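Summary of structural features
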Amino acid sequence: MNTDNYSNTYAENMDTIYSISYPIYFDNSLDELVKFVERGNYSRFFVLTDENTGKHCLPMVKEKFGPDADFDIIEINAGEESKDIDFCIGVWKMLIDFGADRQSLLINLGGGVISDLGGFAASTFKRGIDFVHVPTTLLSQVDASVGGKTGIDINSIKNIIGTFTQPKAVFVEYSFIETLPARQILSGLAEMLKHGLIADAAYWEMLKNSDLKKPGADLIYLSIAIKNRVVIEDPHEKGIRKSLNFGHTIGHAIETYSLLNDKDPLSHGEAIAIGMICEAYISHKRTGFSKAELDEVTAVFSNLYPRYELKESYNDSLYEIMLKDKKNQNGKINCTLLETIGKCSIDNICTKEELFEALSYYAGL
């Protein structure tokens with residue numbers, strides 16, 4: 001996919017974006033959330049959150065709904081460890097205890113874990129109730145909340161169980177970004193940079209020339225617009241939506257390995273940044289991605305993200321994790337690769353030797 005100067009289409013405004021079957025609100029988004037609930041004629045509504053979002057973001061939502069609003073809060077622990085079947089069962093049980101019926105609404109207020117877990121819980125509770133996303137992290141705003149993917153992890157295999165179920169709406173509140181630590185900003189930034197690499201060279205250039213310690217609302221808007229265009233073209237990931245997997249075959253394996261073995265595990269974005277360097281290297285070897293572009297990608301990510309010690313002794317474990325990746329075909333490891341900045345190639349079967357060589361490339365930087 002190559003949208004070239006697609007980003008220029010949105011450079012002058014930040015209007016509501018319409019996805020497959022739902023709107024994505026940017027302007028006065030929390031006011032729009034209240035209007036949405038009032039229009040929906042729901043029997044009840046519930047807010048799923050974690051302790052961090054409950055502290056920093058839930059008060060703003062409560063204020064918008066007012067003191068007389070009647071809703072229940074379901075809170076889980078923050079972190080990827082909560083995105084499993086046990087916590088999902090806990091959400092289902094709370095919905096039962098609170099008297100949720102098929103005319104109820106679940107508001108997922110949080111980051112990617114909340115979006116993925118909450119969407120899955122709602123899409124399966126009583127064969128499906130309505131849900132909306134109010135993403136509170138940069139990562140969830142530009143990635144998890146858009147596209148209708150829901151999911152949970154099993155045995156640390158990311159998103160191995162899930163559904164394609166679209167939310168009824170997404171409400172992007174930029175002020176939530178101001179509550180985030182720098183590391184969380186960097187985690188979301190990896191997905192924004194990915195959008196430029198796979199689909200929009202002009203957007204990649206915009207990001208490179210911006211203050212990435214605090215991405216502006218316009219850059220977030222453009223990132224969501226790029227992802228949304230891909231999703232609309234291919235809702236169920238049969239073709240071009242696979243482009244969004246760039247960096248994720250190796251990156252997810254590194255993220256899982258770190259989660260299982262490190263006292264301070266890598267964030268999603270930190271792991272995906274490593275994955276993009278590695279898969280850019282394979283791209284250079286396989287799909288004509290130039291050495292100059294490989295050097296550029298390597299430099300951008302290396303300057304932004306902390307160095308991770310990737311030892312050769314990890315390779316076999318990483319490979320075993322990759323073999324369980326949901327994107328694989330006939331037991332073979334499948335990668336999205338770059339042809340040039342802004343254009344990618346999907347469905348590339350990569351060998352063990354190629355993957356190990358890419359890991360060695362990063363380790364030797």
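Residues numbered from 1 in each chain as written. Predicted model: local features only at pLDDT ≥ 70, side-chain atom pairs only at ≥ 80, totals over all residues. Heavy atoms only, no water.

1. Observations concerning the pairing of strand β10 (residues 334-340)
Consecutive side chains of a regular strand alternate in pointing toward one face of the sheet and then the other. Counted residue by residue, β10 has five buried out of seven residues, so it is predominantly covered. Inspection of the sheet shows β10 paired to strand β11 (residues 343-349) by five bridges, in the antiparallel sense. Residue pairing in the sheet places Cys335 in a bridge with Asn348 of β11. In sequence, β10 turns back onto β11 through a hairpin of two residues, with Gly342 there showing a positive phi of about 100°. (Buried < 20%, exposed > 50% of the residue type's maximum accessible area, 1.4 Å probe, protein only. Helix = DSSP H or I, 4+ residues; strand = E, 2+ residues; numbered from the N terminus. Pairing = 2+ DSSP bridges.)

2. Quick word on the packing of helix α4 (residues 85-97) against helix α5 (residues 112-124)
With their axes 10 Å apart at the nearest point, α4 and α5 run at an angle of 55° to one another. With respect to each other, α4 and α5 are oriented oblique. As for the relative orientation of α4 and α5, their crossing is right-handed in sense. Two secondary-structure elements touch here, α4 through Phe87, Cys88, Val91 and Trp92 and α5 through Leu117, Phe120, Ala121 and Thr124. Its residues assigned to classes, the contact of α4 with α5 comprises seven nonpolar, one polar and no charged. (Axes fitted to C-alpha atoms, helices over the stretch in contact; angles between N-to-C directions. Parallel < 35°, antiparallel > 145°, perpendicular 65-115°, else oblique. Left-handed = near helix turned anticlockwise from the far one by under 90°. Contact = heavy atoms within 4.5 Å. Nonpolar A, V, L, I, M, F, W, Y, C, P; charged D, E, K, R; others polar.)

3. Some thoughts on unusual backbone geometry
Residues other than glycine seldom take positive phi values, yet Asn28 does so here, at roughly 50°. Assignment of secondary structure puts Asn28 in the loop between β2 (23-25) and α1 (29-40). Backbone geometry places Asn155, a non-glycine residue, at a positive phi of 50°. Tracing the chain through its elements places Asn155 in the loop between β7 (152-154) and β8 (157-161).

Purely spatial values, then, with no claim about function.
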